[in-house]
Amino acid sequence: MDGALYAFVEDFRDEGVDRLLDRVVAYGLRGVTVAAASRQARDVTPHGASRLTLRGDGVHFPPPEDLFAGLRLVPPVQPGAGDRPLAELRRACDERGLKLTGWTVFLHNATLGLADLDVTVRNCFGDRGSPADLCPSHPDVRSYAVALARAVARQGVDSVVAEALHFGTFTRGCRHERCFVDLGPMDAFLFGLCFCHHCMRRATDLGVKAEVAREECGRIVAGVLDGDPPAEGEVTRAALTAYAGPEVVAYARARSESVTSLVAEVSAAVAGEGAELTFLDATGAWKGYADGLPPAGLAAHDAWQLGVDLVALGDLVPSFAMPAYARDPQRVADDIAAFRRSIGKNPELRAVLRPGVPDTDSAEHLAAKVRAAEEAGADAVDFYAYGLAPLSALDRIHHLRNDRT
């Protein structure tokens, strides 16, 4: 099967490089996608040395001095990075003929954001309340992303999976915080738009009345915070135009210029180091993460909410990853087909599935979703993630191999 298994460096430390990679081979997969630069998390790890794993922001290798010298932002370094675990993985993957991919979280970094809130997103009220979300329009953030891309590519990986190389969402940034106000999806979207100086200047340069958009967002969100009823329905361009006006929609759409140009720079940087970029659009993960029951709008159609223009990126990026976090195989097929239509026929398209809860309840269920993804246009199917899923769920991947032999 043309696919890879997502895994964490901590997984290899806990279970051993050889043992884990032998599992990958037994599953019939052709590669491993390891978290080279990860973010803060508290994870239940059912078969790890610790059953509850705390992860930090940062890279699992010493940052190359020539890439970060003089930059304002330098990635935090993970414990044990001096042991160069990626180099060991490269050697072990070569012995087995496996592809090694560096999974890289770019603009979600609370450590950097809290150290200097100026590089994070700023809402319509002037608040910088999402410290983990670095702004893709900020020049220092953009320089950091390019340097990080080159740094990961230098670790001997075949490709770099780019996670969080776009704007975030208000709900993501506030998932573990307190909010006792009934914010509808459109109100939360307006609350999460970035109105920092750099975003507003870029929008203005594109002919958008950025200050009008900011004032309108502030008026609407303030009204809901003061007791007005929240907007009903999901976020669509048509609904948002009716609710907030054309300047707000134009401002939201203008954000794609920041993301598209940044992704192009990162892709070129990765290619310059001899690797290939896979752009991971988080829309599918965001929509179905909690329960595998994403709202009606397809991920490809809602990617603009994160500043992602898939049509434009289809001409710039050689490979894409689409988390298809849905229980229904037909929804997986619909999401993959829409994604394929958006990016065009040439880029590689990799579906990302979860082999266990909350998306999948049996080997047959997983097989149905794999077939749906491949028939809808996916070139490969990857699985997320080794350390987070019980071994019984991961064994469903092995059954896929048996079904095809």
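Please refer to the structure placed before this passage.
Anyway, here's the lowdown on the structure attached to this text.

## Some thoughts on the side chain of asparagine 123
Piece 1. Mapped onto the elements of the fold, asparagine 123 is located in the loop between helix 5 (110-115) and helix 6 (139-153).
Piece 2. We classify asparagine 123 as buried; its relative accessible area is 11%.
Piece 3. Engagement of the side chain of asparagine 123 in a polar contact is seen with the backbone nitrogen of phenylalanine 125, the distance being 2.9 Å.

## Notes on a nonpolar patch on the surface
Piece 1. On the surface, a nonpolar cluster with roughly 210 Å² of combined accessible area is contributed by Phe125, Val181 and Leu225.
Piece 2. Assignment of secondary structure puts valine 181 in the loop between helix 7 (170-173) and helix 8 (185-192).
Piece 3. According to the relative accessible area criterion, valine 181 is partly exposed, its value standing at 31%.

## Description of the pattern of salt bridges
Any two side chains of opposite charge can pair if their charged atoms end up close together.
Piece 1. Applying the stated criterion across every chain, the model contains 24 salt bridges.
Piece 2. The shortest N-O distance in the salt bridge between arginine 72 and aspartate 116 comes to 2.3 Å. Taken together, the residues span a long stretch of sequence, with arginine 72 in the loop between helix 3 (65-68) and helix 4 (85-96) and aspartate 116 in the loop between helix 5 and helix 6 at a distance of 44 residues.
Piece 3. For arginine 72, a relative accessible area of 40% gives the class partly exposed.
Piece 4. On the basis of relative accessibility, which here comes to 25%, the residue aspartate 116 falls in the partly exposed class.
Piece 5. Residue aspartate 382 pairs with arginine 350 through a salt bridge whose shortest N-O separation is 2.8 Å. Pair noted here: aspartate 382 is in strand 11 (residues 380-383) and arginine 350 is in strand 10 (residues 348-353), with a separation of 32 residues, a long-range link.
Piece 6. Judged by its relative accessible area of 9%, arginine 350 falls in the buried class.
Piece 7. Linked through salt bridges whose partners overlap, the residues forming this network are Arg72, Asp116, Asp118, Arg128 and Asp140.

## Considering the pairing of strand 4 (residues 52-55)
Side-chain direction in a regular strand flips from residue to residue, so the side chains alternate between the two faces of the sheet.
Piece 1. Only one face of strand 4 is covered, namely the face carrying Thr53 and Arg55; the face carrying Leu52 and Leu54 is uncovered.
Piece 2. Where strand 3 (residues 41-44) and strand 4 come together, 4 bridges link them in antiparallel fashion. Across the sheet, alanine 41 pairs through a bridge with arginine 55, a residue of strand 4.

## Quick look at the packing of helix 6 against helix 12 (residues 246-272)
Piece 1. The N-to-C vectors of helix 6 and helix 12 enclose an angle of 30°; their axes lie 8 Å apart at closest approach. Considered as vectors, helix 6 and helix 12 are oriented roughly parallel to each other. As for how helix 6 packs across helix 12, the hand of that crossing is right-handed. Residue-level inspection shows Arg142, Ala145, Val146, Ala149, Arg150 and Ala153 of helix 6 in contact with helix 12, the latter providing Ser258, Ser261, Leu262, Glu265, Val266, Ala269 and Val270.
Piece 2. Here the residues of the contact of helix 6 with helix 12 are counted per class, giving 8 nonpolar, 2 polar and 3 charged.

## Looking at the nonpolar core
Piece 1. Of all hydrophobic cores here, the largest spans 139 residues; its most connected members are Leu165, Leu190 and Phe383.
Piece 2. No other element matches helix 12, which puts 10 residues into this core.

## As for the pairing of strand 9 (residues 319-323)
Piece 1. Among the 5 residues of strand 9, 5 are classified as buried, and the element is accordingly described as predominantly covered.
Piece 2. Of the two faces of strand 9, both are covered, the one formed by Ser319, Ala321 and Pro323 as well as the one formed by Phe320 and Met322.
Piece 3. As paired strands, strand 8 (residues 276-280) and strand 9 are joined by 3 bridges and run parallel to one another. Opposite leucine 280, over in strand 9, you have alanine 321 as the bridge partner.
Piece 4. Here strand 9 runs beside strand 10; their pairing, made up of 5 bridges, is parallel. Within strand 10, the position partnered with methionine 322 by the bridge is alanine 351.

## A closer look at empty space enclosed by the protein
Piece 1. The tally for this structure, following the rule as stated, stands at 3 cavities of 30 Å³ or more.
Piece 2. One number sums up the size of the largest cavity: a volume of about 40 Å³.
Piece 3. Taken together, Ser137, Cys199, Arg202, Ala203, Tyr251, Ala254, Arg255 and Ser258 make up the full set of residues lining the largest cavity.
Piece 4. Mapped onto the lining of the largest cavity, the elements with two or more residues apiece are helix 9 (197-205) and helix 12.
Piece 5. Considering each element in turn, the lining of the largest cavity owes the most residues, 4 residues, to helix 12.

## Notes on the packing of aromatic side chains
Piece 1. Applying the stated rule across the entire model yields 11 aromatic pairs.
Piece 2. Aromatic side chains phenylalanine 189 and tryptophan 304 sit 5.6 Å apart centroid to centroid with 65° between the ring planes, which places their arrangement in the edge-to-face category. Residue phenylalanine 189 is located in helix 8, and its partner tryptophan 304 is located in the loop between helix 14 (299-302) and helix 15 (310-314); the two are separated by 115 residues in the primary sequence. A single burial state applies to phenylalanine 189 and to tryptophan 304, both of which are buried.
Piece 3. Residues phenylalanine 320 and phenylalanine 339 carry aromatic rings whose centres are separated by 6.1 Å and whose planes lie at 70° to one another, so their mutual orientation is edge-to-face. Of this pair, phenylalanine 320 sits in strand 9 while phenylalanine 339 sits in helix 16 (residues 329-343), and the two are 19 residues apart along the sequence. Side by side, phenylalanine 320 and phenylalanine 339 carry an identical accessibility label, which is buried.
Piece 4. One aromatic cluster in this structure is built from Tyr6, Phe8, Trp103, Tyr289, Tyr325 and Tyr384.

Rules and cut-offs
- Residues numbered from 1 in each chain as written.
- Predicted model: local features only at pLDDT ≥ 70, side-chain atom pairs only at ≥ 80, totals over all residues.
- Heavy atoms only, no water.
- Helix = DSSP H or I, 4+ residues; strand = E, 2+ residues; numbered from the N terminus.
- Buried < 20%, exposed > 50% of the residue type's maximum accessible area, 1.4 Å probe, protein only.
- Polar contact = N/O pair within 3.5 Å; in protein donor to acceptor, adjacent residues only side chain to side chain.
- Patch = residues over 30% accessible without salt bridge, like charges linked within 9 Å, V, L, I, M, F, W, Y side chains within 5 Å.
- Areas by Shrake-Rupley, 256 points an atom, 1.4 Å probe, with all protein chains shown as cover.
- Salt bridge = Lys/Arg side-chain N within 4 Å of Asp/Glu carboxyl O.
- Pairing = 2+ DSSP bridges.
- Axes fitted to C-alpha atoms, helices over the stretch in contact; angles between N-to-C directions.
- Parallel < 35°, antiparallel > 145°, perpendicular 65-115°, else oblique.
- Left-handed = near helix turned anticlockwise from the far one by under 90°.
- Contact = heavy atoms within 4.5 Å.
- Nonpolar A, V, L, I, M, F, W, Y, C, P; charged D, E, K, R; others polar.
- Core = buried A, V, L, I, M, F, W, Y, C linked by side-chain atoms within 4.5 Å.
- 1 Å grid on protein atoms, 1.4 Å probe; cavity = no way out; pocket = protein on both sides within 12 Å on 5 of 7 lines; lining within 4 Å.
- Points joined across faces, edges and corners; volume = space filled by probe spheres on them.
- Phe/Tyr/Trp six-rings, centres within 6.5 Å; stacked < 30°, edge-to-face > 60°.

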